[in-house]
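# Notes for the structure review
Listed below are the residues making up each chain.
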Amino acid sequence: MMDTLSESRLNVLRDLSNCPACGAKVNAHGADAGRFSVLFACTAILDVAEGKPISVLHPCPKPSYVAIAALNRQAEQAGGNA
């Protein structure tokens, strides 16, 4: 039987309709052997197993692109419009 915290984590993950990092839509849900996973259109995969916190199986790539764009803007402002 699942404890209250595990059930709450499962509900939070199950109720997602968009990637929490970039907003991409959910593509699929999957469940097996005490695990529940959500696959998003951005390729991110979040997962929860009974007794464990929600975890990232595959990170959302979008924040990396945003961070790299910021680094490029910083370099351009420093004088190199390459």
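Only a predicted model underlies this, so the values are computations on that prediction, with no experimental measurement involved.

Rules used in this analysis
- Residues numbered from 1 in each chain as written.
- Predicted model: local features only at pLDDT ≥ 70, side-chain atom pairs only at ≥ 80, totals over all residues.
- Heavy atoms only, no water.
- Pairing = 2+ DSSP bridges.
- Helix = DSSP H or I, 4+ residues; strand = E, 2+ residues; numbered from the N terminus.
- Axes fitted to C-alpha atoms, helices over the stretch in contact; angles between N-to-C directions.
- Contact = heavy atoms within 4.5 Å.

Summarising the sheet, strand S1 (residues 26–32) and strand S2 (residues 35–40) pair through 6 bridges and their orientation is antiparallel. Within S2, the position partnered with Ala-31 by the bridge is Phe-36. Linkage of S1 to S2, two consecutive antiparallel strands, is achieved through a turn of 2 residues, within which Ala-33 is found at a positive phi near 40 degrees.

In space, the 4 strands of this open sheet follow the order S1-S2-S3-S4, with antiparallel pairing throughout. Taken across any chain shown, the strands that pair with only one partner, and hence form the sheet edges, are S1 and strand S4 (55–58). If you compare each strand with its neighbour and ignore which way they point, the axes differ by 25 degrees on average. Across the face of the sheet, helix H1 (residues 4–14) comes into contact with S1, S2 and strand S3 (45–49) while running at roughly 160 degrees to S3.

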